[in-house]
Amino acid sequence: MTEPVRDLVTVAAPTVRERVEDALARLLSRLASPQTRRAYRSDWQAWEARARSVGVDAAAARSAHVAAYVEHLVVVGKSYVVRRRALTVLRAVYGALVVAGVRDDNPAREVRPGASDGPPRRPWLDEAELARLLAPAGIEWRRRRDRIALLLLAATGVRRAPLAGARVAHLR
């Protein structure tokens, strides 16, 4: 008995544009916050629009193009945090394109977001600030819980995620 001949359908390789969209989709799928997903997608779209406006294909951009984009963000008044986030998105998407073999390099890898917006902030509270923050404010459970959380932050320097996940059993 002979097997029937099957029609062979040639499947075209994904286009560069499809691979870019796939890389962005994978990046966005790893994010929990809908706001962060929107911001990341918006950052990539803003980069693509800026690249197009200066005659550059975003998928084929070079480090100089990315650096010029960051400088553009500075000129239009985007904050250091926004510039850093935009570079995070570009690095992740281009990194995925390198892994997929679409690109040989990641043009955003060595680009820096530029100087911060203001004087350096100290990441801690001084004693007077901590005392004001921990001043007794009643005995309501939430206030006690919040006070304990602040004491743990101040005493141990634990980060937000482990603190948020902490349970009473963990503290014994």
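Residues numbered from 1 in each chain as written. Predicted model: local features only at pLDDT ≥ 70, side-chain atom pairs only at ≥ 80, totals over all residues. Heavy atoms only, no water.

Novice: Could you clarify how one ought to interpret the overall build of the chain in this entry?
Specialist: A count of helices and strands for the chain gives seven helices and zero strands. The linear arrangement of helices and strands in the chain, starting from the amino end, is α-α-α-α-α-α-α. Within the span of the chain, comprising 172 residues, buried residues form 22% of the whole. By element, 56% of the accessible surface of the chain is carried by carbon and sulfur atoms, the whole surface being about 12800 Å². (Helix = DSSP H or I, 4+ residues; strand = E, 2+ residues; numbered from the N terminus. Buried < 20%, exposed > 50% of the residue type's maximum accessible area, 1.4 Å probe, protein only. Areas by Shrake-Rupley, 256 points an atom, 1.4 Å probe, with all protein chains shown as cover.)

Novice: Any chance you could explain the pattern of salt bridges here in plain terms?
Specialist: Pairing is possible between side chains that carry opposite charge, provided their charged atoms lie close to one another. Summed over the entire model, instances satisfying the criterion amount to eight salt bridges. Among the salt bridges present, the one from Asp22 reaches Arg26, with a minimum N-O distance of 2.7 Å. A residue pair is termed a helical-turn pair when its members lie 3 or 4 positions apart in one helix, as Asp22 and Arg26 do in helix 1 (residues 16-29) at four residues. Look at Asp22 and you get partly exposed, because its relative accessible area is 39%. The class for Arg26 is partly exposed, based on a relative accessible area of 41%. Where Asp43 meets Arg85, a salt bridge forms, and the shortest distance between an N and an O atom there is 2.5 Å. You can see Asp43 sitting in helix 2 (residues 34-53) and its partner Arg85 sitting in helix 4 (residues 80-99), a full 42 residues away along the chain. Residue classification places Asp43 among the buried residues on the basis of a relative accessible area of 8%. Residues joined in a network through salt bridges with shared partners are Arg17, Glu21, Arg41 and Glu48. (Salt bridge = Lys/Arg side-chain N within 4 Å of Asp/Glu carboxyl O.)

Novice: Looking at this structure, how should I read the nonpolar core?
Specialist: Nonpolar side chains tend toward joint burial in soluble globular proteins. Ranked by internal contacts, the top residues of the largest apolar core, which has 28 residues, are Trp44, Trp47, Val66, Leu90, Val93 and Tyr94. When residues of this core are traced back to their parent elements, those giving at least two are helix 1, helix 2, helix 3 (63-75) and helix 4. Per element, the largest residue contribution to this core is eight residues, and it comes from helix 4. (Core = buried A, V, L, I, M, F, W, Y, C linked by side-chain atoms within 4.5 Å.)

Novice: What is the right way to look at the environment of Lys78 in this model?
Specialist: Relative to the assigned elements, Lys78 resides in the loop between helix 3 and helix 4. Taking relative accessible area as the criterion, Lys78 reaches 41% and is therefore assigned partly exposed. Separated by 39 residues in the primary sequence, Lys78 and Asp117 place their C-alpha atoms 9.4 Å from one another. With residues near it in sequence (within four places) discarded, Lys78 still touches Leu73 and Arg83. (Contact = heavy atoms within 4.5 Å.)

Novice: What am I meant to see in the packing of aromatic side chains here?
Specialist: Geometry of an aromatic ring pair is reported as the spacing of the ring centres plus the angle between the planes. Considering all chains together, one arrives at two aromatic pairs under this definition. The interplanar angle of 65° and the centroid separation of 5.6 Å between the aromatic rings of Trp44 and Tyr94 together place this pair among those described as edge-to-face. Of this pair, Trp44 sits in helix 2 while Tyr94 sits in helix 4, and the two are 50 residues apart along the sequence. (Phe/Tyr/Trp six-rings, centres within 6.5 Å; stacked < 30°, edge-to-face > 60°.)

Take it as geometry only, folks, not as evidence of what the structure does.
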